[in-house]
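Understanding the architecture of this molecule
Each chain, letter by letter, is given below.
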Amino acid sequence: MRVPLLALFAVLALSACGTGSNGSGSTAQAGAGGTVAIGETEFKLDPSSVQVSQAGTVTFRVTNNGKIDHALEVEGNEVEEKTETIKPGESAELSVDLSKEGSYEIYCPIDGHRDSGMEGTLTVGAAMGGGSTGTTEDEGSTTTGDGYGYGSG
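The paragraphs below set out a description of the structure included in this document. Keep in mind it's a predicted model, so treat the numbers as computed, not measured. (Residues numbered from 1 in each chain as written. Predicted model: local features only at pLDDT ≥ 70, side-chain atom pairs only at ≥ 80, totals over all residues. Heavy atoms only, no water.)

**Things to note about the overall build of the chain**
For the record, the criterion: Strands here mean DSSP runs of E at least two residues long; helices mean DSSP runs of H or I at least four residues long; both are numbered from the N terminus. Classification of residues uses two cut-offs on accessible area relative to the type maximum, computed with a 1.4 Å probe and protein chains only: under 20% is buried, over 50% is exposed, and between them is partly exposed. Contacts: residue pairs with any heavy atoms within 4.5 Å of one another.
Counting its regular elements, the chain contains one helix and eleven strands. Each helix (α) and strand (β) of the chain, taken in turn from the N terminus, gives the series α-β-β-β-β-β-β-β-β-β-β-β. Within the chain, buried positions represent 42% of all 153 residues. Within the chain, residue pairs in contact and separated by at least 24 positions form 66% of the contacts whose partners lie at least 6 positions apart.

Structural data, given as structure tokens:
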């Protein structure tokens, strides 16, 4: 009886991720080595808060659910990594070595997007609490790149 209930919970959690609806204040939780799915729309991140249980490499799977170009940057604690520009309807992956516990910023680095609300927080190693509407997965593929034709907001 518990297995079908857990499967139903997993399906509901996956369907809630990255839709851009009801994303304000949502939180995703992950462990080191996991994957965090983030959806981007005009102009918010879903989820806007990510908590990672311990320092290590985390992969962000970013999907542009909006109508204009977006990207994702992770910055803080001597880390500054970002995706290439992500076209509407497309996705990108970014693996980041979060070797230090503490707070990081996540945001869209395309000019003006962060100021319009496309920002959030990433906490590594802090007590994890609250409900999760984002998803995490245990996969390790990565892509990063250069060629950003925009400012750092």
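Text resumes after the structure shown.
**Quick notes on the nonpolar core**
Let me state the cut-off plainly: Among buried residues, those of type Ala, Val, Leu, Ile, Met, Phe, Trp, Tyr and Cys that are joined through side-chain atoms within 4.5 Å constitute a nonpolar core.
Formed by 26 residues in total, the largest nonpolar core has its most connected members in Phe-60, Val-74, Leu-98 and Leu-122. Broken down by secondary-structure element, the contributors of at least two residues to this core are strand S1 (27–30), strand S2 (35–41), strand S4 (49–52), strand S5 (56–64), strand S8 (91–98), strand S9 (102–107) and strand S10 (119–124). Counting residues per element, this core draws most heavily on S8, which supplies four residues. Other than its neighbours up to four places away in sequence, Val-74 contacts Phe-60, Val-79, Glu-80, Glu-81, Leu-94, Val-96, Leu-98, Tyr-104, Glu-105, Ile-106 and Leu-122.

Keep in mind these numbers describe shape, not what the thing actually does.
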